[in-house]
Each structure stands twice: as structure tokens, then as C-alpha cells.
Amino acid sequence: MDANNLIVFAMNGQPLSNIHGGPVRLVIPGWPGSVSSKWFTRIFVRDKVHDGPGMGGTSYRVAINPMIPGDKPDDKNFRDLESMPVRSIITSPMNGTSFGKEVREVRLRGAAWAGDLTVQRVDVSIDFGASWTTAQLSPPKNPYDWQRWTATVKLPSEGYYEVWTRATDSRGIMQPHVAGNWNPQGYGGNPMHRVAIRVA
């Protein structure tokens, strides 16, 4: 029932094409694509969750109570995936970048997102999470936009480094170190992103 959800029948002044989900589709920003259904020929209100083709069971669903990894799923322990979890990514430098041995400072940039919430902060680390530097975070252009961030890290010497990034959403929830809350389809995994760089 969010005011920004759309029932889309046209794009750029033209009827919505088949490739974009025409004749009519939903767009539910901040939630997974599975709820932005395509190719509508009719819309009606139901009193139960979406159970159409490709839905139900473990499809686009996550466990309510934590599962043992690899365990057999119980359909009653699953709910539809809703708001996407907070995440941040490093877009520059790319993984595997090598710098000359004289380099002691590296500029970073990336993006962060928190589904239908906002990102409150982004931090970066070059020492495997022992210490963190706060990045400069741009405000979103709209409530569901990726927020861009930049940071500069100082490298103490030549060598191998991993640059880690973690985002925190407007509720104070932070990206985890690992993809937790195992589920058979792997939905909602948002571990900290990291890239390897070398100064030599």
C-alpha cells in the first residue's frame, strides 16, 4: 500500500512493451523483483499470498526461524521476502587491482542501498575489520535510490590488502560479515563486500 508503488501501463509516453512486462505490470520499489509482477491482463485483490507459477514453497521466500544449513525446508517456516536488506559495494578500485610500490593512498568509491529504508552510514576497513573509516555518503536522489559513497584509505606499506565495506541502515542494522540466515534459495544474503588490492 506504499504511495510510491506503481501500476505501470506506459513508459516514456508509449504503451508498456512486452519486454518490460506489458500490457501492465507492478513496480514495488525497495522490495525484490518477484513482487513487481509482469504481463498483467487483469488485477484483483486476494486474501492470501501470491501462489502463482514460480511462487510458494521456498521461491522468493526466507525462513522465519533460523535453519540448519542444508536442512530440509518446512513450508510453514517460510515467509515472502519483503524489503531488501542493507548492503554496500565497492565499485572502484576493482578486485585484483595492482598499484605501484610508491602508492600509499587509495581513493574508493561505491554504492549502498537499504531496500525501502535509507542508508545511515558506510564504513570501510583495510585491516580485516579491526578498525573502520567512515565514508562520505551522498543523499539518495529518491527514497529508493542507491546512495553513492567515497572514501580515501592510507596504506602503511607495500603488500596485499583487502578493502571491506559495510553499510548501516536507518534502523541501525549493519551488514554482517557473512551471509547468515541460510535458506535453500540463498535469498537476502548481504555480507560485507570486499576487494583485494596489491601494492608492489
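Presented here is an overview of the structure given in this document. Bear in mind that the values here come from a model prediction, so they are computed numbers and not experimental data. (Residues numbered from 1 in each chain as written. Predicted model: local features only at pLDDT ≥ 70, side-chain atom pairs only at ≥ 80, totals over all residues. Heavy atoms only, no water.)

## A few points about the nonpolar core
Side chains of nonpolar character tend, in soluble globular proteins, to be buried together.
Now for step 1: Core analysis: the largest hydrophobic core is formed by 22 residues, its most contacted members being Val106, Leu108, Val122, Trp149, Val153, Leu155 and Val163.
Now for step 2: Broken down by secondary-structure element, the contributors of at least two residues to this core are strand 9 (105-113), strand 10 (119-125), strand 13 (147-154), strand 14 (159-169) and strand 15 (193-199).
Now for step 3: If we ignore the near neighbours within four places in the chain, the residues touching Val106 are Pro93, Phe99, Ala151, Thr152, Val153, Leu155 and Ile197. (Core = buried A, V, L, I, M, F, W, Y, C linked by side-chain atoms within 4.5 Å. Buried < 20%, exposed > 50% of the residue type's maximum accessible area, 1.4 Å probe, protein only. Helix = DSSP H or I, 4+ residues; strand = E, 2+ residues; numbered from the N terminus. Contact = heavy atoms within 4.5 Å.)

## Describing the side chain of Ser36
Now for step 1: Examined against the element boundaries, Ser36 turns out to sit in the loop between strand 4 (25-27) and strand 5 (61-63).
Now for step 2: A distance of 2.9 Å separates a polar atom in the side chain of Ser36 from the backbone nitrogen of Ile28.
Now for step 3: In this view, Ser36 contacts Arg25, Leu26, Val27 and Ile28; residues no more than four positions away in its chain are not counted. (Polar contact = N/O pair within 3.5 Å; in protein donor to acceptor, adjacent residues only side chain to side chain.)

## Quick notes on the sheet that holds strand 11 (residues 133-134)
Now for step 1: Reading across the sheet, the five strands line up as 8-15-14-10-11 and stay open at both edges, with mixed pairing between neighbours. At either margin of the open sheet sits one strand with a lone partner, and together these are strand 8 (97-99) and strand 11.
Now for step 2: Of the pairings in the sheet, the one linking strand 8 to strand 15 comprises three bridges and is parallel in character. Counterpart to Thr97 in the pairing with strand 15 is Ile197. (Pairing = 2+ DSSP bridges.)

## Notes on the packing of aromatic side chains
Aromatic ring pairs are reported here in terms of the distance separating the ring centres and the angle at which the planes meet.
Now for step 1: Counting across every chain of the model gives three aromatic pairs.
Now for step 2: For the ring pair Phe128 and Trp164, a centre distance of 6.0 Å and an interplane angle of 90° mean the geometry is edge-to-face. With Phe128 in the loop between strand 10 and strand 11 and Trp164 in strand 14, this pair connects stretches of sequence that are 36 residues apart.
Now for step 3: The exposure class assigned to Trp164 is buried, which follows from its relative accessible area of 9%. (Phe/Tyr/Trp six-rings, centres within 6.5 Å; stacked < 30°, edge-to-face > 60°.)

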